[in-house]
Structures are given as structure tokens and as C-alpha cells.
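What follows is each chain in one-letter form.
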Amino acid sequence: MWLPVHYTIASLAVGAAASAASPKKACGPITLSANLAALLFNLLTVKAWIGGLATPVLFGVPVILDPLSCVALVLVSTLASVCAAYSVFKIGAEDPHVRTYYVLYNLLIISLNMVTMVRNALLLYVFFELVTFAAILLVGHRRDSKALEASVKYLFVCAASSALSLIGFAVLLSKVHVLDLLTLGQALSEAHLSPLEAKLCLYSMLLGFGVKAGLVGLHFFIPDAYGEAPPPISALMHITLPGNYSIIRILTALQPLMLPKDQLIISLAGILTVYTGALMTLASKDVKRMVACVAIEGSGYIILSSSLGTPYSIAAASLCLVNFSLIESALFLAVGAVHSETGTRQVDQLGGLFKAMPVTAWLFIASALAISGVPPFGGFTAKLSVYMACVKAGKMWASLAAASGSGILLTAVIWTAHRMFFGPPREVERLREPKALLVPVVILFLLFTLLGLYPAPLLRLFGGV
Amino acid sequence: MTGPVEAMLLAIPVAALASAVVKDLKYSLAALIVHALLCTIAPALGEPSEAVPALVFSVAAVATVFAAALRVLPSYEAEPPVTGSWVLIVFAAVPVVWASILGLPSRVLVFLVSAALGVYMMSIRRNLVKASYGLVAFENSLHGLLSQAAHIGPLMETPLSAVVFLTALLSSVLALMVYKTVGSLDTSSLRRLEW
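So, a few notes on the structure that sits alongside this text. Remember, it's a predicted structure, so these values are computed and weren't measured experimentally. (Residues numbered from 1 in each chain as written. Chains lettered and ligands numbered in written order. Predicted model: local features only at pLDDT ≥ 70, side-chain atom pairs only at ≥ 80, totals over all residues. Heavy atoms only, no water.)

1. Concerning the overall build of chain B
(1) Moving on: Helix and strand counts for chain B come out as seven helices and zero strands.
(2) Moving on: In chain B, the succession of helices and strands from N to C terminus is α-α-α-α-α-α-α.
(3) Moving on: Classification of the 195 residues of chain B by burial places 54% in the buried group.
(4) Moving on: Look at the contacts in chain B between residues 6 or more apart in sequence, and 74% of them connect residues 24 or more apart. (Helix = DSSP H or I, 4+ residues; strand = E, 2+ residues; numbered from the N terminus. Buried < 20%, exposed > 50% of the residue type's maximum accessible area, 1.4 Å probe, protein only. Contact = heavy atoms within 4.5 Å.)

Here's what the structure looks like:
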């Protein structure tokens, strides 16, 4: 018997097929309808989970339904629907590759749904790769030299790094013969891996899955890829969602392999990622690349929190996943709205936009403050929970270090917002508020503000942070 | 897998890669197709291999995709490598040294050398098709390593092989798009993104 989650995948597959076969004008509305249907079915899936459905099988693939995957499922469908609505206005019938865009969009969402549900670690890798392939083609959607350069970089860095995780799988399979994410931790704690095997497994997995989470050292392709992608794709595919979800899952499962020294190394990698993202944000001249760097900073928080390995810290990482996804998506879409009106993303060439685009300005500023951890938005709750997780794990220094990284980020985003919206005006008379493009941003703004003001339901779900 | 058939099966991809690195991709494609044929008949020769079905698929499919790409793309030999060929020896020697230190079996060593040559092609070759070939070789070698380490069954082998195949397909399509847009396959021409 088919469950609601079957219909999620089926509706998106129908959306992809219909987009390929229908007139160009219809592709956007079809994709939007398919994604709204997927959102409805995912909500029904969560309802079924609350009713006691735990580990169904989806087209032969066992899937997980737990607080993290249920929230991630709803998050994916919400963002997919919002970004599909944005795409309807941004990627119109006049675009020469409109059909390819919407077919790939639906395939991307199918893969993202599978990433958030799949129970087998090796299949997580496979769907992770499918997300990458769809994203690479979408990043190069414009087909000009810059977009293709970004696609090529994305392909080489992501595919090669992800393949490294196969070394970890080889060690896992030869030693514990278990790939089930729910029982892997238990199996590893009972297995006897040599120190070399444990390190090989842990670090190859971290590198393999960390690449799309923007782990420091592997982060350099992110501003290129998300800077050149169409705004809805940057908003949907930014590193927080698939990359950090996988990091939380994998690091939780591999906790038994982590010695205190490994935990320290991964925590430091998380903090370095925070600083790298914050400093890159400060140095960015292109506002869309700046938002990509903001996402790297957020990713550092999730890596730091996941590395601590306590139930509290995993819950804090999950809270960051939800809030940062919503906020960063809002930032990408707001920047897309600015770009569509002004025709430039260079901060130096923008200025005085507040007069012509006050709603866009307020939405951008609110999202920028939210991602920096300023109350009362969801970013504040998420970052505060990471600081508390660090303190509870006896790593006060880590919370101080991460907070100072956020301080740098706050300075960078305020400075950028000031130059864009309040700096010397540059021919703003002709500019108008792109109302249609702002509706999705307003929805995201309401969601992350709501999660900041009323975090209790989500906190209870993730374990009472 | 054990025995001379195994050595032959595993050595051919490395030979194909080395051929691609120093000479011409056409030779290496021919070697990969021979390898796929050998893998196909390996069970008849008494090879109780678990890695063979996946490798048959990925090797044959990868060779086909790159052969198709080469038909469309000219001047794939035009760009010289970033460094001299001596670096190739270093890349091949590193896994040999590691394997001897760690006492790894020879069948694992072949995959590691193949992966190292893949990394060499990705990082040193300026030609996009050759670099893509290196990427696929790297992925395929690690997949082979995984198949050697444990029996993962057809349910897992098939999607993993599909990932390698899709990487080959995607990298060829991207190379084609880059050639049409930029007019060159030289990766150094892809430096237009600014901070």
C-alpha cells in the first residue's frame, strides 16, 4: 500500500515529466503545483509518523522517520515550494532552457527528499551524488563562461571529495557489515576497529560529506557555485540543507569512533569554518557571493555542534539546520530581487536603494541580522543553543570563539547592508520594488521570525534544548 | 578475486589510465573496452568475483561515454600538462610506498595506483576531457576498492556504478558546453570568476 511519502516522490516525478512535455509557459506552474502537492504529502507523512509510523519502505528503499528527518522533509518541501514560486517569476518562458531548468528542479527535489529520508549510509552517498549532479547542471543554467566555470569547479570538488567517503564505507563494510544509520553507532561501539581503521573511516567520511557542508579547506568552490546559480537554486541548494543534514547524520552514527582528540579536531574545524565564512563575508564585493560565505559561517556552527556528540548538541545542530536554511534562503532570494532590478551584484555599484526598494531593504536587513544571531529571530535561538551545548560539553572556549566569529559576520553584513541601501544613491529613480519576487522572501521571513519567537515546539521535538 | 586473471583484470584499467596520461585517450578507451570484455567472460574462467558486475558496467559505460565525447570534441590533445611527466611517477609511487608500509594486498594496490593516477590527471592535466577522465577513474577506483573490501551486493553495486556512469556523462556534457561557449578545452581558460 502506498504511503503519503510515495505520493511525494510520485508527484515530483510527474512534475518533471510534465515539465519536459508541456509548453514553456506551463513549466513553472506545473512545477509549483507538484511541489505544493509534495509539501502536502510530506505533512501527511509527518502526521503518519506522529501516529506511530516509524520505518517504512519507499520503492524498496528503507527510510527513516524521526524528528530530524521529518522536520527536514517539511523544510525541503517548504523551501522547494517557495523557490518554485520565485522561479515562476524569475525563470520565464523567454528563457531558452526553461524546460531543462524545471525538469532538473524536480529531479533535484526528489533527490533532496531521498537524502533526508534514506536509512542506508551508502544510499545516502548515492542520493547525495544525485543532488550534486542536478545542482551542477542548474548552476550552469545560464551557459555562459562564468556559470560553466562554476559548474566545472563544483563537479570536480564535490565528486572527487564525495568519492573519498567510499574509503570509509570500505572500512565500515569490512569490519561491521552494517550500513543502517540507526544501528551503525551501536554496531561500531561493539566492533573492534584499530586506531588507523577508525581514523581512516571517520576522516574520509568527514571529508566526503563535509565538502558540501562547506568544511574549511573544501569551501572555496561555494561562493563560485552559489554566486553563479539562479537565485532559487542558490536558495534551495545552499550548503546548509543536504550537506549539513548528512554531516549531522554521519557524525552522530560515527560517534563511537571519535576519541576526545578527534572531537577536538572536528570542533576546531567547525570554528575555523565559522571564521573562514565570516572573514570571506567581510571581504566579498559581490553581494550574492557574500551570502554564500554567510552560509559557510552557519555551516561551521553545525559542524561544531555535531562534533560534540551529546544529545543536546545534536539537537542544537538540528535547530541550526532548520533556522539557517530558512534565513539563508531568504537572503539569496532577496539578493536575487535586488539583482533583477538593478542588474548588478557588485556592492560598490549599489547604493541608496532603501528609497526605491524599502521592503526589499527591510527583508534583507532582517535576514542579515537573523543569520548573525541577533534576537528575536530564529538564528538567535539556534546560535544560542550551540553556545549552550558547548558550555554543557565543557568547551566554553568553543562557544566564545564561535560567538566572536558571529561578531565579525554581524559587522560584515551591517556594513554591506549600509552600503547597498543607505550609501550614496546611484540612479534609483527608475527602480521599483519587485513585489512578485518578494512574496517568497516574506513567507521565509515570517517562518524564521516565528521560529525565533516561538521555538518551543521545535525545541521539544529535537529533545528539549 | 585471486590469481592471474585477477591481475590481468585489474592491471588493464591502470594501463588504460597510464596510456591516457602520457599518450592518447583513444588508446586508453580501447584498453577499457578490452577490460570490460574480460570482466564479462571472467566468471566463465572461474573467477568468483563480486566486483566484476559493477566494473563491467562502469568501465564499459565510461569508455562509451568518453568515446562519444571524443567524437564530438576536437583538439583534446592540444593543451600540454602543467608539469613534466616525472610527477606521474611520484603519484604512482606514493600508493606503492603506502601499501608496502601498511602491508596491503596487491589487488588493493592496483586500485590505489589507479586512484592516484586519477588524481594526477585531475590536478595536472589542463585538458578538460582528460581531467574528467581522471575524475571518473578516481571514483571508479574507489568504488573498486569498496567492492574488494566487502560484498555489498547488487542492490548497492548498481547505484554506485550508476554514480560513476553519471559522473562520466555529466563531465562530458560539461566539456561539450565549455567547448561551445569558450572555444577551448583548456581549463586555464576558465578563470573569469572574480572575487
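2. Observations concerning the packing of helix H6 (residues 145–175) of chain A against helix H9 (residues 221–228) of chain A
Helix packing for two helices is described by the angle between their axes and how far apart those axes are.
Residues and elements named next belong to chain A.
(1) Moving on: Interhelical geometry of H6 versus H9 gives an angle of 135° and a closest axis separation of 9 Å. The pairing of H6 with H9 is recorded here as oblique in orientation. At the point where H6 passes H9, the crossing takes the left-handed sense. Each of Lys146, Ala147, Ala150, Lys153, Tyr154, Val157 and Cys158 in H6 lies in contact with H9, whose residues at this interface are Phe221, Asp224, Ala225, Tyr226 and Glu228.
(2) Moving on: The residue makeup of the contact of H6 with H9, split by class, is eight nonpolar, no polar and four charged. (Axes fitted to C-alpha atoms, helices over the stretch in contact; angles between N-to-C directions. Parallel < 35°, antiparallel > 145°, perpendicular 65-115°, else oblique. Left-handed = near helix turned anticlockwise from the far one by under 90°. Nonpolar A, V, L, I, M, F, W, Y, C, P; charged D, E, K, R; others polar.)

3. Section: the packing of aromatic side chains
Residues and elements named next belong to chain A.
(1) Moving on: Scanning the entire structure with this criterion turns up 16 aromatic pairs over all chains.
(2) Moving on: A centroid spacing of 6.1 Å and a plane angle of 65° characterise the contact between Tyr154 and Tyr226, whose relative ring orientation is edge-to-face. Taken together, the residues span a long stretch of sequence, with Tyr154 in helix H6 and Tyr226 in helix H9 at a distance of 72 residues. Both residues of the pair, Tyr154 and Tyr226, belong to the buried class.
(3) Moving on: With a centroid separation of 6.3 Å and 85° between ring planes, the pair formed by Tyr301 and Phe324 is classed as edge-to-face. Highlighted residues: Tyr301 in helix H13 (residues 287–308) and Phe324 in helix H14 (residues 311–342), separated in sequence by 23 residues. Each member of the pair, Tyr301 as well as Phe324, is classed as buried.
(4) Moving on: A network of ring pairs unites the aromatic residues Tyr125, Phe128, Phe169 and Phe209 as a single cluster. (Phe/Tyr/Trp six-rings, centres within 6.5 Å; stacked < 30°, edge-to-face > 60°.)

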